4 protein chains.
Amino acid sequence: MQLGLIGLGRMGFNMRERLRAAGHEVIGYDHHPDVTDVASLNELVEKLAAPRVVWIMVPVQYTEPTIDELSGLLSAGDIVIDGGNSRFSNDRPRAERLATKGIGYLDVGVSGGVWGRTNGYALMVGGDKKHVEHCKPIFEGLKPEGEFGFAHAGGVGAGHYAKMVHNGIEYGMMHAYAEGYELLEASEYVENIPEVFKSWRAGSVVQSWLLDLMDRALDEDPNLDGLRGYADDTGEGRWTVEEAIRLAVPMNVIAASLFARFASRQDDSPAMKAVAALRNQFGGHAVKKG
Amino acid sequence: MQLGLIGLGRMGFNMRERLRAAGHEVIGYDHHPDVTDVASLNELVEKLAAPRVVWIMVPVQYTEPTIDELSGLLSAGDIVIDGGNSRFSNDRPRAERLATKGIGYLDVGVSGGVWGRTNGYALMVGGDKKHVEHCKPIFEGLKPEGEFGFAHAGGVGAGHYAKMVHNGIEYGMMHAYAEGYELLEASEYVENIPEVFKSWRAGSVVQSWLLDLMDRALDEDPNLDGLRGYADDTGEGRWTVEEAIRLAVPMNVIAASLFARFASRQDDSPAMKAVAALRNQFGGHAVKKG
Amino acid sequence: MQLGLIGLGRMGFNMRERLRAAGHEVIGYDHHPDVTDVASLNELVEKLAAPRVVWIMVPVQYTEPTIDELSGLLSAGDIVIDGGNSRFSNDRPRAERLATKGIGYLDVGVSGGVWGRTNGYALMVGGDKKHVEHCKPIFEGLKPEGEFGFAHAGGVGAGHYAKMVHNGIEYGMMHAYAEGYELLEASEYVENIPEVFKSWRAGSVVQSWLLDLMDRALDEDPNLDGLRGYADDTGEGRWTVEEAIRLAVPMNVIAASLFARFASRQDDSPAMKAVAALRNQFGGHAVKKG
Amino acid sequence: MQLGLIGLGRMGFNMRERLRAAGHEVIGYDHHPDVTDVASLNELVEKLAAPRVVWIMVPVQYTEPTIDELSGLLSAGDIVIDGGNSRFSNDRPRAERLATKGIGYLDVGVSGGVWGRTNGYALMVGGDKKHVEHCKPIFEGLKPEGEFGFAHAGGVGAGHYAKMVHNGIEYGMMHAYAEGYELLEASEYVENIPEVFKSWRAGSVVQSWLLDLMDRALDEDPNLDGLRGYADDTGEGRWTVEEAIRLAVPMNVIAASLFARFASRQDDSPAMKAVAALRNQFGGHAVKKG
């Protein structure tokens, strides 16, 4: 099947490779001349036979302008897929805008990171059944072999929503391992921490792909000495907790893992300055000067 | 190799099966006459050739008396293994007590649940290298095939310590999935929740054995209608947070998942009664009568 | 000074009383004929001498339509005050809309609940200095005697923002007392819990007005038997955590107290159903049927 | 009334002053020659008329040896009071030991910090009614004027237990203010943060003594520039959460404020190193080198 693919960064580049290896014709566009197949969006659209399918895989701030530009170039019957990390709430307005021109829209949550090229990508798709059916061969090419790794999650927005929740869970899982790691580090009992992580990789309740990666990281750097305890957060973690608030869902675990990332980026904690100030005021407790 | 195995409940019974299937001679003792191989601890010890290895797999409250009884029956050179869920802090005193009679002691954290018989058990072992080496064939018979699933974590206590942290992580992971599930349930976006969980089982960052089980549970009962939101906790979760407190390790995620279990067992929350009382006092907010 | 006051519910009614007692002329409007001074917004505006000051104190969902209606009735030079619990993000758009007609706008966070009539209300004001100065006599009439209880927090939106944070802090404080109360309740050590709360009311670090109210509540109902552990939440708690997310502020305490309110309103926890399902899958742990 | 007072540090020194101002005869002992009234414990005991009351106010690690020494010097009918921050679980064993010699024991939780000398100290007392009655004049001299500030909380241990919960609540309250402060700091809305805190000191729901101190701290240093966000924790916070774990009480708020103190003392977070390692493994996300 023929696909236009916009955005050939870390994710898009590998997806093109995987799709081509699966026998699909992928025409990629990127502003970076080394990797692009065409010189412009215009050329991309011209090279695709109608009805066209164009998959957008760009950093989230460029998604909206890309869709705007595309909507001027595409025709009724074409389909736009946003596989990036858009907020789910943007999907329905986009779909409605494109629908006025007869253009279809699918939102796809894509998981798999740098390993997806080899292992396949987990895909969560939102949109109309007919658009999903039309694009099925592409999804088949991207997903892992076997029965898992693909879901038609619901109408427009459901794909990004499912991916958002996926990432929220990911935050919580990562932090659970991280707290366990820190406790093992702090304690005098366990002498061989990497070995213990390795033991969990088979037979244990906590076995997972993230655990495999943790083991891999500890093989490379057994005390993680080469790293700082600093982590950015992407939108999905924040949106997950925002949704919990909107829907009155208690979410202590995922929220705590999000807040830990916030804290990891602070040089000093204003809240703890306030605590230090209060302790000094009532108890004369010694404080550290700033 | 020959092994005495005390306790043939859910775990011990399956371990005997797995070890026998691996060619070991297991003599099991249980107070339940249907499953036991011998009539008494005394008979168990008599049937084992010295140096004996006796593995205890009993509910945690029976471990200490069982060891006491055994220590009167065993001889110098024998080894006692506690594979139950003892608190790590009990291991060194036990080992010292047994050492005065020349009896060795290993503490083994065992993960795997009801699946261990088929898949093998992850084993985390604490104790002296020479005792670990002596028992190696038994560990080989219990652990999963392949390079993972076994660690000699450190000296006496390290095995239970590693298992404790393992279970703490397990609490956090389970609750991360649980919060994600609840958000999907509460939201209007995703129509097919079981399908979404299924999609994560391959290619995604959150793939894990627990996720496979979640998918299995949703296959059996797509809305979990047949269950109440109630969960016991075993000692390991509590001990993990206690250790975090002792060692000044921030542990918001695992603590929150422990507290959620506590809350799940309350008919009503005294804390929230206090909140309701306060709101009523200052704002005249309506309260629900008890 | 003359004031138009729209909304004579629990808060507005008492504010009218307090202002009148302070010598101000208050013309109140409410849809409820028993308490209103005028029959319509129109009549209210007619009775006020220009430049008019109109204070809106209505449930948050009526604020926007009330302002719309008022903006058609008021004249350049008049000032609208929203003293309700609007989200701070609504203030600037409103102020801009009103400014096109020359009408001023102040947002005022009001704290004090049912006690404000006697004790005075803490007021946090956002808006232009000239508008604040013009309304100063009203603020003086509402605030408590003495040097505290009033702040010009910043430009438009700052008043509601400060009130939002105030309420977020209130959630956290209330829940701190509530957790302490529950621990005392659960423990075998303290025999006289109300007495203990009473002891904290003077000399202690935790003395506060909320503590006084807690003592009052325990005087009325020593075991809080008459209440259910159920609490609604108003917008401010949610917005506080949303702002923490927007601004990358770690906020475990206030978020936890918000989530506890969410949980207090659930008959059963879908998250804990998922935990129960997982435990049953891997460990054969008994579950409670739904 | 006559009192022996051991330990004349920040707390004990001020307590001696307050008691003397109330007309009591206090004989103080401290290892520091500048402040002590007697040269030894022996001399202290000799100078007191039987039945003696001796109040211990020493750092917690010296309490046990001090009681041991005292128990060799005192006589049947005397009373020992521990006013320090002992763990409640130490009280009953101590009381039993002293009881074998006919010596009474009271545990007293003392709150008030450096302000107690002027304002009085809140006292929570555990022990037998007859011992409490005997020491009443001392308690009257230490507590604030008025009806609040004293409780006979229950039997031996109840005083320290109540103080422990008091401090746990204090942790939560302080952190609630601290999070509110940080949010105001981070936001662009409120221009005058100290003014806002000041406004809350009267009429508002969050008014408290801690708030007064926060205002005082902001008066001295409006941005808390002179402080580092670093706070020690004393035993009570940890014991509160340990008790929550023992008694299955959900305690997210107080636990989070305790964990925040732990985090404030870390140069880098091992847990966040693990998170960074994982993100790097699966997503190729940039990491900060250690």
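Rules and cut-offs
- Each chain has its residues counted from 1, running along the sequence as written.
- Naming scheme: in the order in which they are written, chains are lettered from A and ligands are numbered from 1.
- A pLDDT threshold of at least 70 governs which residues receive local features in this predicted model, and a stricter bar of 80 or more applies before side-chain atom pairs are shown or counted, although totals over entire chains, interfaces and linings include all residues.
- With hydrogens and water set aside, each side-chain value is computed from the structure's full complement of heavy atoms.
- Each helix is a run of DSSP H or I of at least 4 residues and each strand a run of E of at least 2, with the numbering of both proceeding from the N terminus.
- Accessible area is worked out with a 1.4 Å probe on protein chains only. A residue is then buried under 20% of its type maximum, exposed over 50%, and partly exposed in between.
- Contact criterion: two residues are considered in contact whenever any of their non-hydrogen atoms come within 4.5 Å of each other.
- Here, Shrake-Rupley sampling with a 1.4 Å probe gives the accessible areas, and only protein chains in the shown set may cover a residue.
- Neither His nor the chain termini are counted; the positive set is Lys and Arg, and the negative set is Asp and Glu.
- By convention, the charge on Lys lies at NZ, on Arg at CZ, on Asp at CG and on Glu at CD.
- Copies are brought into register by a least-squares superposition over C-alpha atoms of residues with pLDDT of at least 70 in both.
- Salt bridges are identified by distance alone: a Lys or Arg side-chain nitrogen within 4 Å of an Asp or Glu carboxyl oxygen.
- Throughout, the ten residues Ala, Val, Leu, Ile, Met, Phe, Trp, Tyr, Cys and Pro are labelled nonpolar, Asp, Glu, Lys and Arg are labelled charged, and all others, Gly among them, are labelled polar.
- Think of it this way: a Phe, Tyr or Trp ring, Trp meaning its six-membered ring, pairs with another when their centres are within 6.5 Å, and the plane angle makes it stacked under 30 degrees, edge-to-face over 60, tilted otherwise.
- Lysine and arginine charges are scored as sitting over a ring when NZ or CZ, respectively, is within 6 Å of the ring centre and within 35 degrees of the ring normal.
- By this definition, two strands are paired if DSSP reports at least two bridges between them.
- Here the axes come from fitting lines to C-alpha atoms, over the contacting stretch only for helices, and the angles between their N-to-C directions go from 0 to 180 degrees.
- Expected span of a helix, by definition, is 1.5 Å for each gap between consecutive residues, and there is one gap fewer than residues.
- Between N or O atoms, a polar contact is any pair within 3.5 Å; within protein, one atom must be a potential hydrogen donor and the other a potential acceptor, and residues adjacent in sequence are included only when both atoms are from side chains.
- Values labelled buried area give the accessible surface lost by two parts on being combined, using a 1.4 Å probe and summing over both.
- Every residue is assigned a pLDDT by the predictor, reflecting its confidence on a scale from 0 to 100.
- Our angle categories are set so that under 35 degrees counts as roughly parallel, over 145 as roughly antiparallel, 65 to 115 as roughly perpendicular, and the remainder as oblique.
- With strands facing away from the observer, any crossover in which the path from the first strand over the helix to the second runs clockwise is taken as right-handed.

**Quick look at the overall build of chain A**
Broken down by element type, chain A carries 12 helices and 7 strands. Sorting the 290 residues of chain A into buried and exposed places 64% on the buried side. Expressed as a percentage of contacts within chain A between residues at least 6 apart in sequence, the contacts between residues at least 24 apart total 64%. Here chain A has roughly 9,900 Å² of accessible surface; of this, 47% comes from carbon and sulfur atoms. In chain A, which carries 29 positive and 40 negative side-chain charges, the distance between the mean positions of the two groups comes to 4 Å.

**Notes on the relation of the copies chain C and chain B**
When chain C is fitted onto chain B, the two copies agree to an RMSD of 0.0 Å after a turn of 180 degrees and an axial shift of 0.0 Å. The superposition of one copy onto the other is thereby described by a two-fold rotation axis. For chain C, the smallest separation between a C-alpha atom and the rotation axis is recorded for C:Asn252, amounting to 4.2 Å. With an isologous cut-off of 70% or more, the 100% of interface residues of chain C that recur at the interface of chain B puts this contact in the isologous class.

**Points about the relation of the copies chain A and chain B**
Each of the two chain copies can be generated from the other by rotation about an axis followed by a shift along it. Once turned by 180 degrees and shifted 0.0 Å along the axis, chain A lies on chain B with an RMSD of 0.0 Å. Most of the interface of chain A is mirrored in chain B, where 100% of its interface residues again form contacts.

**What to know about the pattern of salt bridges**
The full count for this structure, using the stated rule, is 83 salt bridges over all chains. When the shortest N-O distance is used, the salt bridge between B:Asp215 and B:Arg201 registers 2.6 Å. One end of the pair, B:Asp215, is in helix H9 (residues 209–220); the other, B:Arg201, is in the loop between helix H8 (193–199) and H9, and 14 residues separate them in sequence. Under the relative-accessibility criterion, B:Asp215 is labelled buried at 1%. Within this structure, A:Glu64, A:Asp68, A:Asp82, A:Asp91, A:Arg94 and A:Arg97 form a network of salt bridges that share partners.

**As for the interface of chain A and chain B**
Contacts between the two partners involve 75 residues from chain A, matched on the other side by 75 residues from chain B. Connecting chain A to chain B are 2 salt bridges. Linking A:Glu188 and B:Arg246 is a salt bridge whose minimum nitrogen-to-oxygen distance equals 3.2 Å. If one sorts the elements of the side of chain A that touches chain B by residue count, helix H7 (residues 158–186) of chain A sits on top with 19 residues. Broken down by class, the residue content of the side of chain A that touches chain B amounts to 40 nonpolar, 23 polar and 12 charged.

**Topic: the packing of aromatic side chains**
This model, assessed by the stated rule, comprises 36 aromatic pairs over all chains. An angle of 75 degrees between the planes, with centres 4.7 Å apart, marks the rings of D:Phe88 and D:Tyr161 as edge-to-face. Separated by 73 residues along the polypeptide, D:Phe88 in the loop between strand S4 (79–82) and helix H4 (91–99) and D:Tyr161 in helix H7 (residues 158–186) bring together distant segments of the chain. As far as burial versus exposure is concerned, D:Phe88 and D:Tyr161 are alike and both buried. In this arrangement the basic side chain of C:Arg261 is found over the ring face of C:Tyr171, its NZ or CZ atom lying 3.7 Å from the centre.

**Considerations on the sheet that holds strand S2 (residues 25–29) of chain B**
Residue and element names in this part refer to chain B. Reading across the sheet, the 7 strands line up as S2-S1-S3-S4-S5-S6-S7 and stay open at both edges, with mixed pairing between neighbours. Among the strands making up the open sheet, the edge pair consists of S2 and strand S7 (150–154). Going from strand to strand, the sheet's axes swing by 25 degrees on average, the running direction of each strand aside. Taken together, the 5 bridges between strand S1 (residues 2–6) and S2 define a ladder with parallel strand orientation.

**Things to note about H9(B)**
In an α-helix, one turn spans 3.6 residues; hence positions three or four apart end up facing the same way. When the terminal C-alpha atoms of H9(B) are compared, their 17 Å separation across 12 residues agrees well with the 16 Å that a helix rising 1.5 Å per residue should span. Among the residues making up H9(B), those that are buried are B:Trp209, B:Leu210, B:Leu211, B:Leu213, B:Met214, B:Asp215, B:Ala217 and B:Leu218. Buried positions along H9(B) lie against helix H5 (116–119), helix H7 (158–186) and H8 of chain B together with helix H12 (270–283) of chain C. Two or three places before B:Leu210, at the start of H9(B), stands the capping residue B:Ser208, its side-chain oxygen 3.3 Å from that residue's backbone nitrogen.

**Looking at the interface of chain C and chain B**
Counting from both sides, the interface comprises 55 residues of chain C and, opposite them, 55 residues of chain B. For the pair chain C and chain B, the summed buried surface comes to about 5,100 Å²; carbon and sulfur atoms form 63% of the total. Summed over the shared surface of chain C and chain B, the number is 18 residue pairs in polar contact (both at pLDDT 80 or more). Among the secondary structure elements, those contributing two or more residues to the side of chain C that touches chain B are helix H7 (158–186), helix H9 (209–220), helix H11 (252–264) and H12 of chain C. If one sorts the elements of the side of chain C that touches chain B by residue count, H12(C) sits on top with 13 residues. The residue inventory of the side of chain C that touches chain B, partitioned by class, reads 25 nonpolar, 15 polar and 15 charged.

**Observations concerning the confidence of the model for chain A**
Averaged over chain A, the pLDDT score is 96; the fraction of residues at 70 or greater is 99%. This prediction of the complex comes with two scores: 0.97 for pTM and 0.96 for ipTM.

**So, the packing of helix H3 (residues 60–73) of chain A against helix H4 (residues 91–99) of chain A**
Residues and elements named next belong to chain A. Across the interface, H3 lies against H4 with an axial gap of 11 Å and an inter-helix angle of 10 degrees. Classified by the interaxial angle, the pair formed by H3 and H4 is roughly parallel. In this structure, H3 uses Thr63, Glu64, Ile67, Asp68 and Ser71 to contact H4, whose residues at the interface are Arg94, Arg97 and Leu98. For the contact of H3 with H4, a count of residues per class yields 2 nonpolar, 2 polar and 4 charged.

**Points about the pairing of strand S5 (residues 104–111) of chain D**
Each regular strand shows side chains that alternate between the opposite faces of the sheet. All names here are of chain D. For S5, the buried fraction is high: 8 of the 8 residues fall into the buried class. Because side chains alternate across S5, one face comprises the buried residues Gly104, Leu106, Val108 and Val110, and the other comprises Tyr105, Asp107, Gly109 and Ser111, equally buried. Sheet analysis places S4 next to S5, joined by 4 bridges and oriented parallel. Its bridge partner lying in S5, Ile81 is registered against Leu106. In this fold, the crossover linking S4 to S5 by way of H4 has right-handed handedness. The pairing of S5 with strand S6 (residues 122–126) spans 5 bridges and is antiparallel. When the sheet's bridge partners are listed, Val108 is paired in S6 with Val125.

**Thoughts on the side chain of A:Glu179**
If you trace the backbone, A:Glu179 turns up in helix H7. Within the buried set, A:Glu179 has no salt-bridge partner at all; the shortest N-O distance to an opposite charge, 12 Å, is to A:Arg261. In this view, A:Glu179 contacts B:Pro250, B:Met251, B:Asn252, B:Val253, B:Ile254 and D:Ala271; residues no more than four positions away in its chain are not counted.

**Some words on the sheet that holds strand S7 (residues 150–154) of chain C**
Residue and element names in this part refer to chain C. Overall, mixed pairing links the 7 strands, which are arranged S2-S1-S3-S4-S5-S6-S7 in an open sheet. One side of each edge strand has no neighbouring strand; the edge strands of this open sheet are strand S2 (25–29) and S7. Pairwise comparison of adjacent strand axes, ignoring direction, gives a mean angle of 25 degrees for this sheet. Examined bridge by bridge, strand S1 (residues 2–6) and strand S3 (residues 53–56) share 3 bridges and lie parallel to one another.

**Overview of the environment of D:Phe259**
Within the secondary structure, D:Phe259 is located in helix H11 (residues 252–264). Taking the C-alpha atoms as reference points, D:Phe259 and D:Gly237, separated by 22 residues in sequence, lie 9.8 Å from one another. The residues touching D:Phe259, leaving out its near neighbours within four places in the chain, are B:Val241, B:Val249, B:Pro250, B:Met251, B:Asn252 and B:Ala255.

**Considering helix H11 (residues 252–264) of chain B**
Residues and elements named next belong to chain B. Taking 1.5 Å of rise per residue, 13 residues should cover 18 Å, and H11 covers 18 Å from first to last C-alpha, within 8% of that figure. Across the 13 residues of H11, 12 count as buried, placing the element largely inside the fold. Where H11 is concerned, the buried positions are Asn252, Val253, Ile254, Ala255, Ala256, Ser257, Leu258, Phe259, Ala260, Arg261, Phe262 and Ser264.

**Quick look at the side chain of B:Arg52**
Residue and element names in this part refer to chain B. For Arg52, the position within the fold is in the loop between helix H2 (41–47) and strand S3 (53–56). The class for Arg52 is buried, based on a relative accessible area of 13%. A polar side-chain atom of Arg52 sits 3.0 Å from the main-chain carbonyl oxygen of Val45. With sequence-adjacent residues up to four places away left out, Arg52 is seen in contact with Val45, Leu74, Ser75, Asp78 and Ile79.

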